[in-house]
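Listed below, chain by chain, are the residues.
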Amino acid sequence: MRLHGFELRRVAMPLVSPFRTSFGTQTERDVLLVRAITDGADGWGECVVLSDPLYSPEYVDAAVDVMRRHLIPALAGVTDAPGVGEALKAFKGHRMSKGALEMAVLDAELRTEGRSFARELGSVHDRVPCGVSVGIMDSIPALLDAVDGYLSEGYVRIKLKIEPGWDVDAVRAVRERFGDDVLLQVDANTAYTLRDARHLAKLDDFDLLLIEQPLEEEDILGHADLARIVRTPICLDESITSAQTAAAAIRLGATQVINIKPGRVGGYLEARRIHDLAVAHGIAVWCGGMVESGIGRAANVALASLPGFTLPGDVSASDRFYHQDITAPFVMRDGHLDVPTGPGLGVEPDETILESLTTWVEQVTI
Ligand SMILES: CC(=O)N[C@@H](Cc1ccc2ccccc2c1)C(=O)O
Ligand SMILES: [Mg+2]
C-alpha cells in the first residue's frame, strides 16, 4: 500500500450535556480526525487529544503541529501500520498523534484487504457490555437522576467522576438508592494525594470494582503505597502510557486493574500488547473512553471484544455524549454494543454531517 498523505480535520461536536471531571467542565468536543490517503482505500483515525492539556500533556493545536511538521513527513515510504510505529520511534511523546496516524493507516490497510479491526486485533466476542461515565453534578439529587436514567437505558456499569468534596457522599447516595448489585466504580483523574489515603479508604465500604487514577500520573510509587492502605482495587489510566510503564506499574503493585486507552498508549497495536501483558499477569483490563466520535468508538468496541477485557468499559452509546454522531450512531441493545464486522473500522463518516460540523481541514502530502 502506498501512502500519498493525510487529511487533518477538526470537527466541533457539542456534548448533550456539560461533562464535569476533576480537571474541568467540557461542553463541546474538538474532534481531530485523520484520513490516510493511499493508492488503495482511505483510512480513518481519531486523535483523542483534548483542546487543552488538562487530561494529558497533548492538546489539539499541538497535535496538528506535530503531525504536520514532524510525524507525517517521517512516514514517507511506510506501507503498513507496524511501519508507522517504527518510523515515529525517534519522536518523543505525542502518543495520541502517533496513535491516530497508525489507526488511519491500519484502517486503510484493512479496508483494502477486506479484514475487520476486530479480526485483526483478536476479537472473541460479537458484542461488548456498556459502562457509562457520569460527571460530577451540581447536587446529589441531580446525580441520582442521571444514574437512574443510565440504568434504565441498560448500562451495565456506572462510573462516577470524583474529586475532593465529591466522593464518599456521592458513592453512598448511589449505593443507598440503587443497591449493592449495581457494578460501580469511581474515577478521580489524579485529583488526590497520598495524604488523602485514609479518606479514600472510606470508599472500601461500598464494594466498588475499582478506584481509577486517584493520584497524579507520575506517582507510580504513591499508587503502590495507596494500594497497601485501600482495599478497593486501584486502576491506572493516565499513568499507563505504554506496555513498558504498564509492566512497571504491575511489578510495583501500583495497579490491580488497567484502563486501556489506545490513544493514550500510542495506538491499537500497543493497546493489544498491554492487553496481552495484563492477561499474562492475571490483571483485568477494560477499554477506557475519550468521548470519541463514531470513528474512535468503532475501534474501541473492537478492542473491547478481546478476551482480557473482562470488565465493562467506558464504551457507551453515541447518544451518551452526542445528539448527532458523524457516523451511523452506536445504539446500545440490552446493555451491549455490537462489534462492527465490516472491513477496517466497519463504519465511516457521513460526508454531509462531517462537512457541516468541520471547522478546519488541511491536506498534508508526503
Ligand atoms: C469517559 C471518561 O471519563 N474519559 C476520561 C476522561 C475524559 C477524557 C476526555 C474527555 C473529553 C471531553 C470531555 C470529557 C472528557 C473526559 C477518563 O476515563 O478519565
Ligand atoms: Mg480515567
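The protein chain is annotated in an unreviewed UniProt entry as o-succinylbenzoate synthase of Microbacterium deminutum. According to the UniProt record, the Cofactor (unreviewed entry) comment for the protein chain is "a divalent metal cation".

**What about unusual backbone geometry?**
What you tend to see is this: most non-glycine residues have negative phi, and most peptide bonds are trans. Residue N189 is not a glycine yet carries a positive backbone phi of 45°. Its place among the elements puts N189 in the loop between β7 (183-187) and α7 (197-200). Here N189 falls in the buried class, since its relative accessible area comes to 4%. Positive phi values are uncommon outside glycine, yet V291 reaches one of about 55°. Within the fold, V291 resides in the loop between β11 (284-287) and α12 (294-303). For V291, a relative accessible area of 13% gives the class buried.

**What about the environment of S239?**
Take S239: it is sitting in the loop between β9 (234-236) and α9 (243-251). Each C-alpha atom of the pair S239 and E216 lies 7.8 Å from the other, and the pair is 23 residues apart in sequence. Apart from residues no more than four positions distant in its own chain, S239 is found in contact with Q213, E216, E217, I220, H223 and T245. One polar contact links the side chain of S239 to the main-chain carbonyl oxygen of E217, over a distance of 2.7 Å.

**Overview of the coordination of the magnesium ion (ligand 2)**
Ligation of the magnesium ion (ligand 2) by protein atoms is provided by D187 (OD), E212 (OE) and D237 (OD), these donors lying 2.1 to 2.2 Å from the ion. Considered as a linear motif, the donors of the magnesium ion (ligand 2) on their single chain read D-x24-E-x24-D. Of this pair, D187 sits in strand β7 while D237 sits in the loop between β9 and α9; the two residues are 50 residues apart in sequence, bridging distant segments of the chain. Of the two residues, D187 and D237, neither departs from the other in class, the shared state being buried.

**Side note on the domain arrangement of the protein chain**
Interfaces are often described in size by the accessible area the parts lose on coming together. Assigned domains of the protein chain: these are domain 1 (3-114 + 348-365) and domain 2 (118-338). Tallying the contact residues gives 35 residues for domain 1 and 39 residues for domain 2. Here domain 1 packs against domain 2, burying approximately 3200 Å² in sum over the two surfaces, 66% of which is carbon and sulfur. When the buried area of domain 1 at its contact with domain 2 is split by residue, F19, R20 and Y55 rank highest and sum to 22% of it.

**Here we look at the site of ligand 1**
Taken together, 18 residues lie around ligand 1, and S133, K159, K161, N189 and G289 are the ones closest in. Between ligand 1 and S133 there is a distance of 3.0 Å, counted from an oxygen atom to a side-chain nitrogen or oxygen. At 3.1 Å from an oxygen atom of ligand 1 is found a side-chain nitrogen or oxygen belonging to K261. Computed on the free molecule, ligand 1 has an accessible area of 440 Å², of which 99% lies beneath the protein chains in the complex. Elements with a contribution of two residues or more to the shell around ligand 1: β2 (24-38) and β6 (157-161). Residue composition of the shell around ligand 1, by class: six nonpolar, four polar and eight charged. Looking at which domains feed residues into the shell around ligand 1, each of domain 1 (3-114 + 348-365) and domain 2 (118-338) supplies at least three.

**Let's talk about the confidence of the model for the protein chain**
Residues with a pLDDT of 70 or more make up 100% of the protein chain, whose mean pLDDT is 98. At the level of chain-chain contacts, confidence expressed as ipTM amounts to 0.97, with global pTM at 0.98.

**So, the pairing of strand β5 (residues 131-134)**
Of the two faces of β5, the one lined by G131 and S133 and the one lined by V132 and V134 are each fully buried. Pairing of β5 with β6, which is carried by four bridges, proceeds in the parallel orientation. Within β6, the position partnered with S133 by the bridge is K159. Regarding the hand of the β-α-β motif, the stretch spanning β5, helix α5 (residues 140-153) and β6 is right-handed.

What counts as what
Residues numbered from 1 in each chain as written. Chains lettered and ligands numbered in written order. Predicted model: local features only at pLDDT ≥ 70, side-chain atom pairs only at ≥ 80, totals over all residues. Heavy atoms only, no water. UniProt positions renumbered as here; feature names shortened; annotations may be inferred. Helix = DSSP H or I, 4+ residues; strand = E, 2+ residues; numbered from the N terminus. Buried < 20%, exposed > 50% of the residue type's maximum accessible area, 1.4 Å probe, protein only. Contact = heavy atoms within 4.5 Å. Polar contact = N/O pair within 3.5 Å; in protein donor to acceptor, adjacent residues only side chain to side chain. Donors = N, O, S within 2.8 Å, 3.2 Å for Na, K, Ca; no water. Domains from an automatic or database assignment. Buried area = accessible area lost by both parts, 1.4 Å probe. Near = heavy atom within 4 Å. Areas by Shrake-Rupley, 256 points an atom, 1.4 Å probe, with all protein chains shown as cover. Nonpolar A, V, L, I, M, F, W, Y, C, P; charged D, E, K, R; others polar. pLDDT = per-residue confidence, 0-100. Pairing = 2+ DSSP bridges. Right-handed = clockwise from strand over helix to strand, strands pointing away.

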